[in-house]
Amino acid sequence: MPKSPEELLGHLEALGIETTTHRHAPLFTVADSQSLRGLIEGGHTKNLFLKDKKDRFFLVTVDEDAVVDLKSIHHKIGASGRVSFGKPDKLMELLGVEPGSVTAFGVVNDVDGQVTVVLDAALMENETINAHPLTNAATTSISRDDLVRFLESTRHSPLVLKVTE
């Protein structure tokens, strides 16, 4: 069973990580979430759940306005050949979320470490990063350093790479 948003927030609290969570109507796209600008400070994320030709999975987290070239990103992230979007059933199996709720926090459910996490270097210039806490009906603000600490606590040491144009 995937962890609930409450279990995720409990995990963060147990690590001594301070977060702020804002509840809101479900947001399905970056365009939907932009209605919250000015209310929630920091970098806002766009997440790509990708699969390569050898069935390796990648979670690429970039700034919401970033442009990602899917035809060449495989060179940057170490994928085997071109990548495609992972299927919804694999998304649920590995990260415990549905399309529209993809988030770096989802790796809390990837207990076998099947997903490689890639954080865009430009996103990591923000002091605060905002992501869905396993549901698109909320946004959780976390410091950049604490996001990395959280990822490492789940045995997902992120690759911080320049993946955007």
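Structure report, in brief. In this numbering scheme, every chain counts its residues from 1 along its sequence in written order. With the structure being a predicted model, the display of local features is reserved for residues of pLDDT at least 70 and the display and counting of side-chain atom pairs for 80 or more, all residues being used for whole-chain, interface and lining totals. As a convention, hydrogens and water are excluded, and side-chain values are obtained from all of the structure's heavy atoms.

1. Focus on the overall build of the protein chain
Stated precisely, the cut-off is as follows: Only DSSP runs of H or I reaching four residues or more are called helices, and only runs of E reaching two or more are called strands; each is numbered from the N terminus. We compute the radius of gyration from the C-alpha atoms alone; for a globule the expected value is 2.2 Å times N to the 0.38, where N is the number of residues.
Of the regular secondary structure elements, the protein chain holds five helices and eight strands. Its helices and strands in sequence order give the protein chain the pattern α-β-α-β-β-α-β-α-β-β-β-α-β, from N to C terminus. Computed over C-alpha atoms, the radius of gyration of the protein chain comes to 15 Å, within 12% of the 15 Å expected from 2.2 N^0.38 for 165 residues, which places it in the range of a compact globule. If one aligns the C-alpha atoms of the protein chain with their principal axes, the spans along those axes are about 40 × 35 × 25 Å.

2. Quick notes on the nonpolar core
In a soluble, globular protein the nonpolar side chains are often hidden away together inside. We count it as follows: Buried Ala, Val, Leu, Ile, Met, Phe, Trp, Tyr and Cys residues that are joined via side-chain atoms within 4.5 Å together make up what is termed a nonpolar core. Burial status follows relative accessibility: with a 1.4 Å probe on protein chains alone, a residue under 20% of its type maximum counts as buried, one over 50% as exposed, and anything between as partly exposed. Whether two residues are in contact is decided by their heavy atoms: any pair within 4.5 Å suffices.
Membership of the largest hydrophobic core comes to 29 residues, with the highest contact counts inside it found for L12, F49, L95, F105, L147 and F150. The biggest single contributor to this core is helix α5 (residues 144-153), with four residues. Residue contacts for F49: discarding those within four places in its chain leaves F57, F58, S84, F85, G86, K87, K90, L91, L94, L95, V102 and V115.

3. A word on the packing of aromatic side chains
For the record, the criterion: Within 6.5 Å between ring centres, the rings of Phe, Tyr and Trp (the latter by its six-membered ring) count as paired, and their orientation is classed by plane angle as stacked under 30 degrees, edge-to-face over 60, tilted in between.
What the rule picks out here adds up to two aromatic pairs. Considering the side-chain rings of F49 and F57, the 5.4 Å spacing of their centres and the 10° angle between planes classify their relative orientation as stacked. Of the residues examined, F57 reaches a relative accessible area of 5% and is grouped as buried. Seen in terms of ring centroids, F105 and F150 are 5.4 Å apart; in terms of plane orientation they differ by 65°. Their pairing is edge-to-face. Of this pair, F105 sits in the loop between α4 (88-95) and β5 (115-120) while F150 sits in helix α5, placing them 45 residues apart in sequence. Comparing F105 with F150, the two get one shared label, buried.

4. Digging into α4
Residue pairs three or four apart in sequence face the same way in an α-helix, which turns once every 3.6 residues. Applied cut-off: Directions drawn from the helix axis to the C-beta atoms are what define this arc.
Along α4, the positions that sit buried rather than exposed are L91, L94 and L95. The buried residues of α4 occupy an angular sector of 85° when the element is viewed end-on, so they sit on one face. As for α4, its buried residues are in contact with β2 (43-51), β3 (57-63) and β5. Positioned one or two residues after α4, G96 has a phi angle of 70°, which is positive.

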